[in-house]
Number of protein chains: 2
Amino acid sequence: MNDISILTKALQHSGLRLTPQRMAICELLAATDRHPTALWIYEQLRPRYPSLSLATVYHTLEALVGLGAINELGSAGDGTVHYDANVQPHINLACVSCHRVIDLPSEHIEHVASEVKDASGYRLFGARILYYGLCPECQAKAI
Amino acid sequence: MNDISILTKALQHSGLRLTPQRMAICELLAATDRHPTALWIYEQLRPRYPSLSLATVYHTLEALVGLGAINELGSAGDGTVHYDANVQPHINLACVSCHRVIDLPSEHIEHVASEVKDASGYRLFGARILYYGLCPECQAKAI
DNA sequence: TCTAAATTAGTAATGATTATAAATTGAAAT
DNA sequence: ATTTCAATTTATAATCATTACTAATTTAGA
Ligand SMILES: [Mn+2]
Ligand SMILES: [Mn+2]
Ligand SMILES: [Zn+2]
Ligand SMILES: [Zn+2]
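Residues numbered from 1 in each chain as written. Chains lettered and ligands numbered in written order. Predicted model: local features only at pLDDT ≥ 70, side-chain atom pairs only at ≥ 80, totals over all residues. Heavy atoms only, no water.

Q: If you had to explain the coordination of the zinc ion (ligand 4) to someone new, which residues and values would you point to?
A: Distances from the zinc ion (ligand 4) to its protein donors, Cys95 of chain B (SG), Cys98 of chain B (SG), Cys135 of chain B (SG) and Cys138 of chain B (SG), fall within 2.2 to 2.3 Å. On the basis of relative accessibility, which here comes to 2%, the residue Cys135 of chain B falls in the buried class. (Donors = N, O, S within 2.8 Å, 3.2 Å for Na, K, Ca; no water. Buried < 20%, exposed > 50% of the residue type's maximum accessible area, 1.4 Å probe, protein only.)

Following this line, the structure appears as structure tokens:
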């Protein structure tokens, strides 16, 4: 869904090695429109990389967040951190019942992003633009 | 900084009792422009309420989040959840070094909020509009 | 090939949060 | 006023996502 080279180049440019494990994590992050957790990534890759460690997944995600290559969205009602490989300004919608996170494109949020970049004085690493509630499916179930 | 009656009325209207502990937590939330954690609230109130339990603080915050009376912003680089009693649309800036969260008013984000409310199809509880990075003071220290 | 630093894997430790259960409170109903 | 009963609080234990640690492995460069 996103460009894997953004992720891999971020790692390489910062002097970090592009190991097979990191490459696989970047591939997965770039290919999915989900907003994965460390555990989900680990479980997806385990069949192909049986020796992969969950600690490696956490380390890689931490590195990518520090480089601004992915965003750390936080919990979706499930107590675990969700990540977003799409760092283009957009809105995320989290359902606190089914714990899914989806995207909602928005022109307004692009203005917000440049507003913050220009006026905050902060050195920005990432953004957490997320509304939480009940998705239409889970609303229907709840009735 | 905010209106305490919004918080207390939310509790009462939902059938929850307005106990002294809950009242004190709401007062603190409404009075501060910090974005407190459960532990900070607990430590602030302990002198006045020596018997207060940290569990009660967590329960009250959970209830207020469920009612949409406060927002759950997530971590500011410190691994603990920060809350925001100001649910009016605005931008939050978190410093991952000093773990402070400040507000940045924005007209654009108000448009985003109504956009999401009208077009998402979600029943919304709250928002997490937060940019993270290094504040000007921590940038200066880092040099 | 040799060397040293980076990385990984495996496991232990941490600590924020949640669960549990007994004690307390408080709003009715009698 | 007393009783009743559910809600709430407190204290403590349990959970579990994440981080820390260490030995083994990999890899880039000399
Ligand atoms: Mn997204
Ligand atoms: Mn705020
Ligand atoms: Zn849902
Ligand atoms: Zn700072």
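Q: Provide a residue-level description of the packing of helix H3 (residues 38-45) of chain A against helix H4 (residues 54-66) of chain A, including the pertinent values.
A: Residue and element names in this part refer to chain A. Look at H3 against H4: their axes get within 9 Å of each other, and the N-to-C directions meet at 125°. Classified by the interaxial angle, the pair formed by H3 and H4 is oblique. Here H3 and H4 pass one another in a crossing that is right-handed. In contact with Ala38, Leu39, Ile41 and Tyr42 of H3, H4 contributes Leu54, Val57, Tyr58 and Leu61. (Axes fitted to C-alpha atoms, helices over the stretch in contact; angles between N-to-C directions. Helix = DSSP H or I, 4+ residues; strand = E, 2+ residues; numbered from the N terminus. Parallel < 35°, antiparallel > 145°, perpendicular 65-115°, else oblique. Left-handed = near helix turned anticlockwise from the far one by under 90°. Contact = heavy atoms within 4.5 Å.)

Q: Can you explain the protein's contact with DNA strand C? Please cite residues and give values.
A: The environment of DNA strand C is formed by 16 residues, the closest being Arg17, Thr19, Gln21 and Thr56 of chain A together with Tyr58 of chain B. The sugar-phosphate portion of DNA strand C accounts for 81% of its atoms within 4 Å of the protein, the bases making up the rest. At 2.9 Å from a phosphate oxygen of DNA strand C is found a main-chain nitrogen or oxygen belonging to Arg17 of chain A. Interatomic distance of 2.3 Å between a side-chain N/O atom of Thr19 of chain A and a phosphate oxygen of DNA strand C. Contributions of two or more residues to the surface near DNA strand C are made by helix H2 (20-31) and H4 of chain A together with helix H4 (54-66) of chain B. Looking at the surface near DNA strand C residue by residue, the classes come out as six nonpolar, seven polar and three charged. (Near = heavy atom within 4 Å. Polar contact = N/O pair within 3.5 Å; in protein donor to acceptor, adjacent residues only side chain to side chain. Nonpolar A, V, L, I, M, F, W, Y, C, P; charged D, E, K, R; others polar.)

Q: Go over the sheet that holds strand E4 (residues 101-104) of chain A with me, naming the residues and quoting the values.
A: An order of E4(A)-E3(A)-E5(A)-E5(B)-E3(B)-E4(B) is seen for the six strands of this open sheet, with the pairing classed as mixed. The open sheet has two edge strands with one neighbour each: E4 of chain A together with strand E4 (101-104) of chain B. On average, adjacent strands in this sheet sit at an angle of 30° to one another, irrespective of strand direction. The pairing of strand E3 (residues 91-95) of chain A with strand E5 (residues 123-134) of chain A spans four bridges and is classified as parallel. What sits directly across from Ala94 of chain A, in E5 of chain A, is Tyr132 of chain A. (Pairing = 2+ DSSP bridges.)

Q: A description of the coordination of the manganese ion (ligand 1) should follow, citing residues and the corresponding values.
A: All names here are of chain A. Surrounding the manganese ion (ligand 1) are the protein donor atoms His35 (NE2), Asp84 (OD), His90 (NE2), Asn92 (OD1) and Asp103 (OD), which sit 2.1 to 2.3 Å from the metal. Positions of the donor residues of the manganese ion (ligand 1) along the chain correspond to the pattern H-x48-D-x5-H-x1-N-x10-D. Placement of His35 in the loop between H2 and H3 and of Asp103 in strand E4 is noted, with a sequence separation of 68 residues between them. A relative accessible area of 34% means that Asp103 is categorised as partly exposed.

Q: Break down the protein's contact with DNA strand D for me, with residues and values.
A: Not every one of the 16 residues close to DNA strand D is listed here, only the nearest: Tyr58 of chain A together with Arg17, Thr19, Ser51 and Thr56 of chain B. Of everything in DNA strand D that lies within 4 Å of the protein, sugar and phosphate atoms constitute 81%. Between Ser51 of chain B and DNA strand D, the recorded distance is 2.9 Å, taken from a backbone N or O atom to a sugar or linking oxygen. At the level of elements, H4 of chain A together with helix H2 (20-31) and H4 of chain B are the ones that each hand at least two residues to the surface near DNA strand D. A per-class count over the surface near DNA strand D returns six nonpolar, seven polar and three charged.

Q: Explain the interface of chain A and chain B to me, using residue names and the numbers behind them.
A: On the chain B side, the residues contacting the 42 residues of chain A number 42 residues. Three residues, Tyr122, Arg128 and Tyr132 of chain A, lead the burial of chain A against chain B; their summed loss comes to 25% of the area buried on that side. Between the two partners, chain A and chain B, sit zero salt bridges. At the boundary of chain A with chain B, the tally comes to 18 residue pairs in polar contact (both at pLDDT 80 or more). Listing elements by their share of the side of chain A that touches chain B, those giving two or more residues are strand E1 (71-74), E3, E4, helix H5 (107-119), E5 and helix H6 (136-142) of chain A. Broken down by element, the side of chain A that touches chain B gets its largest block of residues, twelve residues, from E5 of chain A. Class assignment for the residues of the side of chain A that touches chain B results in 26 nonpolar, eleven polar and five charged. As judged from the eleven bridges shared by E5 of chain A and strand E5 (residues 123-134) of chain B, these two strands associate in the antiparallel manner. (Buried area = accessible area lost by both parts, 1.4 Å probe. Salt bridge = Lys/Arg side-chain N within 4 Å of Asp/Glu carboxyl O.)

Q: Residues and numbers for the relation of the copies chain A and chain B, please.
A: For these two chain copies, the linking operation is a rotation about an axis paired with a shift along it. Least-squares fitting of chain A to chain B yields an RMSD of 0.0 Å, with the transformation described by 0.0 Å of translation along the axis and a rotation of 180°. The superposition operator between the copies reduces to a two-fold rotation axis. The rotation axis passes nearest to the C-alpha of Ile129 of chain A in chain A, at a distance of 2.3 Å. A share of 100% of the interface residues of chain A reappears at the interface of chain B, consistent with the copies meeting face to face through the same patch. (Least-squares fit on C-alpha atoms with pLDDT ≥ 70 in both.)

Q: Could you give me a rundown of the packing of helix H1 (residues 4-13) of chain B against H2 of chain B, with the residues and numbers involved?
A: Residue and element names in this part refer to chain B. One can describe the packing of H1 onto H2 by two numbers: an axis separation of 8 Å at closest approach and a directional angle of 145°. Viewed along their axes, H1 and H2 form a crossing whose handedness is right-handed. Contacts between H1 and H2 pair Ile4, Leu7, Thr8 and Leu11 from the former with Arg22, Met23, Cys26, Glu27, Leu29 and Ala30 from the latter. Taken together, the residues of the contact of H1 with H2 sort by class into seven nonpolar, one polar and two charged.

In short, geometric facts, not functional conclusions.
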